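Working through the structure, step by step
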Amino acid sequence: MNWSANEWFVVLVTTAGVLLTWRLPRRFDRSSTILFVLFGAYFGVVFDHALAGVPIDFYDINDTKGFEFIDFVTYIMYGPFGYLFLYLYDWLRVPRRFAPFYVLLWTVFGMLLEGVGARIGVFEYKNGYDFDYSSIVYFTLQLLTLALYHYIQNIDRRSEMG
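Structure report, in brief. In this text, all values refer to a predicted model and were calculated from it rather than measured experimentally.

Time to look at the packing of helix α4 (residues 99–119) against helix α5 (residues 133–161). Each pair of packed helices gets described by two things: the angle between the helix axes and the distance between those axes. At a closest axis distance of 9 Å, the pairing of α4 and α5 adopts a crossing angle of 135 degrees. Taken together, the axis directions place α4 and α5 in an arrangement best described as oblique. Seen from above, α4 lies across α5 with right-handed handedness. Residues A99, P100, V103, L104, W106, T107, G110, M111 and E114 of α4 form the contact with α5, whose own contacting residues are S134, S135, Y138, F139, Q142, L143 and L146.

What follows deals with the packing of aromatic side chains. For the structure shown, the criterion picks out 21 aromatic pairs. Judged by centre distance (6.3 Å) and plane angle (50 degrees), the ring pair of Y102 and W106 falls under tilted. Taken together, the positions of Y102 and W106, both in helix α4 and 4 residues apart, correspond to about one turn of that helix. Accessibility classification places Y102 together with W106 in one group, the buried group. With a centroid separation of 5.4 Å and an interplanar angle of 85 degrees, the aromatic rings of Y129 and Y133 are classed as edge-to-face. Judged by relative accessible area, Y133 falls into the partly exposed class, the value being 43%. Through a chain of ring-to-ring contacts, three or more aromatic side chains come together here, namely F28, F36, F81, Y83, F85, Y87, Y89, Y102, W106, F109 and Y149. Between R27 and the ring centre of Y87, over which it is positioned, the NZ or CZ distance is 5.8 Å.

With that settled, consider helix α2 (residues 30–52). For α2, spanning 23 residues, the distance from its first C-alpha to its last is 32 Å, which sits close to the expected 33 Å at 1.5 Å a residue. Taken together, the buried positions of α2 are occupied by S32, T33, F36, F39, G40, A41, F43, G44, D48, L51 and A52. Residues of α2 that are buried sit in contact with β1 (59–61), α3 (69–92) and α5.

Structurally, the position occupied by S32 is in helix α2. Since its relative accessible area comes to 6%, S32 is described here as buried. Not counting residues within four places of it along the chain, the set of residues in contact with S32 comprises I152 and D156.

Our next topic: the nonpolar core. Formed by 37 residues in total, the largest nonpolar core has its most connected members in F28, F36, Y59, F85, L86, Y89 and L146. Mapped onto this core, the elements with two or more residues apiece are α1 (5–23), α2, β1, α3, α4 and α5. With 12 residues, the single largest contributor to this core is α3. Apart from the residues within four sequence positions on either side, L86 is in contact with F28, F36, T145, L146 and Y149.

Rules behind the numbers
Going along each chain's sequence as written, the residues are numbered from 1 onward. The predicted origin of the model limits local features to residues at a pLDDT of at least 70 and limits the giving and counting of side-chain atom pairs to 80 or more, whereas totals for whole chains, interfaces and linings rest on all residues. Side-chain descriptors were evaluated using all non-hydrogen atoms of the structure, hydrogens and water having been removed beforehand. Helix axes are fitted to C-alpha atoms over the stretch in contact, other axes to C-alpha atoms as well, and angles between N-to-C directions run from 0 to 180 degrees. A helix here means a DSSP run of H or I that spans at least four residues, while a strand means a run of E at least two residues long, and both kinds are numbered starting from the N terminus. Roughly parallel means an angle under 35 degrees; roughly antiparallel means over 145; roughly perpendicular covers 65 to 115; every other angle is labelled oblique. By convention the crossing between two helices is left-handed if the near helix lies anticlockwise of the far one by an angle smaller than a right angle, and right-handed if it lies clockwise. Whether two residues are in contact is decided by their heavy atoms: any pair within 4.5 Å suffices. In summary, the pairing rule links any two rings of Phe, Tyr or Trp, Trp by its six-membered ring, whose centres are within 6.5 Å, and it sorts them by plane angle into stacked for under 30 degrees, edge-to-face for over 60 and tilted for everything else. For every residue, the accessible area (1.4 Å probe, protein chains only) is compared with the maximum for its type, and the residue is labelled buried under 20%, exposed over 50%, or partly exposed between those bounds. Whether a charge sits over a ring depends on NZ of Lys or CZ of Arg being within 6 Å of the ring centre and within 35 degrees of the ring normal. Helix span is expected to be 1.5 Å times the residue number reduced by one. What is meant by a nonpolar core is a set of buried Ala, Val, Leu, Ile, Met, Phe, Trp, Tyr and Cys residues, joined one to another through side-chain atoms within 4.5 Å.

Have a look at this one:
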């Protein structure tokens, strides 16, 4: 495999996300942490396959239409960012009424990262897909992620009460 800027971008962003996730003080119990990381990665994979796969085929990931190891790393990249999204939400104690604004900020952050990735070849849009459509995906996924967070928090509160 001949590495270019897109592979290096994926490796660097994934490494930074994993290291940051690993080095931050614990906020959640182990099972919640694993769930939050896997939830982020899972929905990244689901939406990428739904939008980039047959029959829709709105974009290609990295250099080829076929699946490469770097594509797997790209999917891992989503996990730490899903966790960091929740980590900061919890740490900042964002009131629910401000959650849409928090989600909007993270949508902008996701769009910036995707924009850089698209410029260097991580994503190649086609068949009428526009970069701006990704904002809907990010916003929706982050709302789902917050719903999971609140669901888990409610379960934890109930178990603490007896």
